Amino acid sequence: MPRPLHVSFAFGPSGEWRVDDVRPVIGEGIPKAERMSVTEGDSMLQAGAAFTLRGATSNARYAGRSELDALAARQEGLSRPSATRAALIPIRKTEAWWALAQDERRAIMEERSRHIAIGLDYLPGVARRLHHSRELGEPFDFLTWFEYAPEHAEAFETLVRRLRETDEWAYVDREVDVRLSRD
Ligand code: HEM
């Protein structure tokens, strides 16, 4: 696993992504904006941005060996030219979730909710990167980022719907669904 990569998602008048929709799913939303830019690395301050969310990649917490191998065999990287659609879904989990032990969280996430098994059905059409924000004192615990081609947009909706029906989502107390596109 490479060193953590710090990433900022800056909303404002400029940026490589057009913001098509900002929809609060659970709890409070975030401000609407025209554009969004993704910046990787140390200089996470975005001049002119109205609103910025920050996170960092990390090591896996829950996926086991066979799951990591299955993911590695199927997943594709970000920035594919065909992937002109994206979703940024910031998520915060409840205090009850964070009070659980690691093995209890794993049991909810995979044995009961099949998060990784469900997700694997949508690779390689959807490319993803998980950012952790909780340790940075940010308003969300995770910034989940997905890129896909228009022909996978319908499948992506099904994926999101399936995950939101799981036991794991009972522990989500804030979720915003931001959809973006680029030419
Ligand atoms: C975590 C896979 C889609 C939200 C994870 C992890 C894996 C994974 C392997 C665990 C990482 C670890 O071991 O720490 C996938 C795959 C997907 C997918 C293959 C298919 C594209 C989604 C979607 C959402 C989402 C659509 C949001 C709607 C999350 C969140 C976490 C997570 C919030 C962090 C959970 C936590 O640490 O408590 N995902 N996922 N995932 N995923 Fe997904």
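Every value quoted in this text rests on a predicted model; they were computed, and no experiment measured them.

## Some remarks on the site of the ligand
Move 1: Arg61, Tyr62, Ala63, Lys93 and His115 are the nearest of the 25 residues found near the ligand.
Move 2: One of the backbone nitrogen or oxygen atoms of Arg61 is found 2.6 Å away from an oxygen atom of the ligand.
Move 3: Within the side chain of Lys93, one N or O atom sits 2.8 Å away from an oxygen atom of the ligand.
Move 4: The dominant element in the shell around the ligand, judged by the number of residues it contributes, is helix α4 (residues 115–120), at 4 residues.
Move 5: Here the shell around the ligand is built from residues that sort into 18 nonpolar, 3 polar and 4 charged.

## Quick look at the pattern of salt bridges
Move 1: The final tally for this structure, using the stated rule, is 17 salt bridges.
Move 2: The residue Arg65 makes a salt bridge to Asp69 at a minimum N-O spacing of 3.1 Å. Placement of both Arg65 and Asp69 in helix α1 (residues 65–74) is noted, with a separation of 4 residues, approximately one turn of the helix.
Move 3: Judged by its relative accessible area of 58%, Arg65 is exposed.
Move 4: Assessed through its relative accessible area of 42%, Asp69 is described here as partly exposed.
Move 5: Among the salt bridges present, the one from Arg112 reaches Asp167, with a minimum N-O distance of 3.0 Å. Taken together, the residues Arg112 in helix α3 (residues 102–112) and Asp167 in the loop between α5 (153–164) and β8 (172–181) connect sequence positions 55 residues apart.
Move 6: Classification of Arg112 as exposed rests on a relative accessible area of 52%.

Definitions and cut-offs
- Residues numbered from 1 in each chain as written.
- Predicted model: local features only at pLDDT ≥ 70, side-chain atom pairs only at ≥ 80, totals over all residues.
- Heavy atoms only, no water.
- Near = heavy atom within 4 Å.
- Polar contact = N/O pair within 3.5 Å; in protein donor to acceptor, adjacent residues only side chain to side chain.
- Helix = DSSP H or I, 4+ residues; strand = E, 2+ residues; numbered from the N terminus.
- Nonpolar A, V, L, I, M, F, W, Y, C, P; charged D, E, K, R; others polar.
- Salt bridge = Lys/Arg side-chain N within 4 Å of Asp/Glu carboxyl O.
- Buried < 20%, exposed > 50% of the residue type's maximum accessible area, 1.4 Å probe, protein only.

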